[in-house]
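Fold and geometry: a report
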Amino acid sequence: MSRPRLLYLLNGTTRATASRLPDLFRDEGLAVDMLWAYGGEFPEDLGVYDGIFLSGSPHGAYETIDWIEREHDLIRDAAARDIPMLGICFGHQILASALCGRDQVFRRTSCEVAYKWLSTTPAAGRDELAAELGPEVYMFVWHNDEVRAGHPDMEILATSDLCPNHIWRHARYRAWGIQGHPEVTRAEAVTWFEQSRARLEGDGAVIADLQASADDALPAKTMLTRFARLVAGDAAGAARRSA
């Protein structure tokens, strides 16, 4: 049997990733197709995929740029097909924009940037992806854009002191958004912070403090492995039904 296929949409300015997240998904048994959405790469046939991951981006989901418009359409198509989706940072935001309305994403008046303890909600303990987070979960957060928390189709799974919607899932579709960055390991974070020094300092961060507080965020990473296993389980079930 062929491996389950994950569509990994790269939304950054280059094909590079700051983490080994694609390898994590491969280690969980997924075949990962990485397409550079920012560069206009989109799949010809969405139906061949068992799951979709949406990465971060320096852009806002509210911008009227061709590839962002196309990604909105892809997300709505995938939701109608019941394809599980997970988005991080910009991915979290564009899922909300596509499935709950363009007005759900807005520009903050100040940046939230730090390693933070996020408080989880009772809904997290019942969720397929968030069930192992516990009452609090630690991860790096860095965002100037934010997703509102009041939409009736959003189930909020975690919050911070400054942001009421850090992790959410859609009430009807299998779509999850994470504002922070659970994918980045401690070692990757230290390198990433140095590479992003100018942007981080412009957003008010102190690089030495971030590097000193860097963490592997292993409990937060359970959402990533659970998503991969959900995708793999869906594919296995489909194969059994078609046999």
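To start, this report covers the structure provided alongside it. Quick caveat, the model's predicted, so the values are computed rather than measured.

The rules behind each value
- Residues numbered from 1 in each chain as written.
- Predicted model: local features only at pLDDT ≥ 70, side-chain atom pairs only at ≥ 80, totals over all residues.
- Heavy atoms only, no water.
- Pairing = 2+ DSSP bridges.
- Helix = DSSP H or I, 4+ residues; strand = E, 2+ residues; numbered from the N terminus.
- Axes fitted to C-alpha atoms, helices over the stretch in contact; angles between N-to-C directions.
- Parallel < 35°, antiparallel > 145°, perpendicular 65-115°, else oblique.
- Left-handed = near helix turned anticlockwise from the far one by under 90°.
- Contact = heavy atoms within 4.5 Å.
- Nonpolar A, V, L, I, M, F, W, Y, C, P; charged D, E, K, R; others polar.
- Buried < 20%, exposed > 50% of the residue type's maximum accessible area, 1.4 Å probe, protein only.
- Arc of directions from axis to C-beta.
- Salt bridge = Lys/Arg side-chain N within 4 Å of Asp/Glu carboxyl O.
- Disulfide = S-S within 2.5 Å.
- Phe/Tyr/Trp six-rings, centres within 6.5 Å; stacked < 30°, edge-to-face > 60°.
- Lys NZ or Arg CZ within 6 Å of the ring centre and 35° of its normal.

1. Here's the deal with the pairing of strand β5 (residues 105–120)
Here β5 runs beside strand β6 (residues 136–147); their pairing, made up of 11 bridges, is antiparallel. Each residue of the ladder has a partner; that of W117, found in β6, is Y138. As defined by bridge partners, β5 adjoins strand β7 (residues 154–159) across 2 bridges and the pair is classed as antiparallel. Paired with S119 across the two strands is T159, which belongs to β7.

2. Concerning the packing of helix α2 (residues 66–80) against helix α3 (residues 90–100)
Viewed as axis vectors pointing N to C, α2 and α3 meet at an angle of 70°, and their least axial separation amounts to 9 Å. Viewed along their axes, α2 and α3 adopt a mutual orientation that is roughly perpendicular. Crossing of α2 over α3 shows right-handed handedness. Taking contact as the criterion, the partners of W67, I68, E71, H72, I75, R76 and A79 in α2 are, on α3, F90, I94, L95, S97, A98 and L99. Of the residues assigned to the contact of α2 with α3, the class counts are 9 nonpolar, 2 polar and 2 charged.

3. Description of the sheet that holds strand β9 (residues 175–178)
The strands that make up a sheet pair up through hydrogen bonds in the backbone, lying either parallel or antiparallel. Overall, mixed pairing links the 9 strands, which are arranged β2-β1-β3-β4-β9-β8-β7-β5-β6 in an open sheet. Among the strands making up the open sheet, the edge pair consists of β2 (31–36) and β6. This sheet shows a mean twist of 20° between the axes of neighbouring strands, independent of strand direction. Relative to strand β8 (residues 167–170), β7 runs antiparallel, the two being bridged by 4 bridges. Note on β8: the bridge partner recorded for E155 is R169. In this fold α3 packs onto β3 (51–54), β4 (85–88), β5, β6, β7, β8 and β9, with an angle of close to 125° to the strand it touches most, β4.

4. So, helix α5 (residues 186–195)
Restricting attention to buried positions, one finds in α5 the residues E188, A189, W192 and F193. Buried positions in α5, seen along its axis, are confined to an arc of 130° and lie on one side of it. Exposed residues lying more than 90 degrees from the buried face of α5 are A187 and Q195. Packed against the buried residues of α5 are β5, β6, α6 (197–202) and α7 (207–213).

5. Describing the environment of P4
Mapped onto the elements of the fold, P4 is located in the segment before β1 (5–10). Among the residues examined, P4 registers a relative accessible area of 11% and is labelled buried. Separated by 77 residues in sequence, P4 and R81 have C-alpha atoms that sit 16 Å apart.

6. Quick look at the pattern of salt bridges
Within this structure, the stated rule accounts for 19 salt bridges. Between R15 and E41 there is a salt bridge whose closest N-O contact spans 2.3 Å. Pair noted here: R15 is in the loop between β1 and α1 (21–27) and E41 is in the loop between β2 and β3, with a separation of 26 residues, a long-range link. Look at E41 and you get partly exposed, because its relative accessible area is 25%. Between R102 and E69 there is a salt bridge, with the nearest N and O atoms lying 3.0 Å from each other. With R102 in the loop between α3 and β5 and E69 in helix α2, the pair connects residues that are 33 residues apart, well separated along the chain. Judged by relative accessible area, which is 29%, E69 ranks as partly exposed.

7. Overview of unusual backbone geometry
Even without a glycine there, the phi angle at D82 is positive, about 60°. Its identity is not glycine, yet A217 carries a phi of approximately 50°, on the positive side. Relative to the assigned elements, A217 resides in the loop between α7 and α8 (218–242).

8. Focus on the state of the cysteines
For the coordinates displayed, the defined rule picks out 0 disulfides. Not part of a disulfide, C111 finds its nearest cysteine sulfur in C89, a span of 9.4 Å. Its relative accessible area of 16% is what places C111 among the buried residues.

9. A few points about the packing of aromatic side chains
If you walk through the whole model with that rule in mind, you get 16 aromatic pairs. Consider the rings of W67 and F90, whose centres lie 5.6 Å apart with planes at 50°: the pair is tilted. With W67 in helix α2 and F90 in helix α3, this residue pair connects regions lying 23 residues apart in the sequence. Grouping residues by exposure puts W67 and F90 together as buried. Note on F140 and W142: the rings are 6.3 Å apart at their centroids and 55° apart in plane angle, and the pair reads as tilted. Of the residues examined, F140 reaches a relative accessible area of 2% and is grouped as buried. Put simply, the rings of Y115, W117, Y138, F140, W142, W192 and F193 pair up and form one aromatic cluster. Taking the ring centre of Y49 as reference, the NZ or CZ of R5 above it sits at 4.9 Å. Over the ring of Y173 we find R172; its NZ or CZ atom is 4.9 Å from the centre of that ring.

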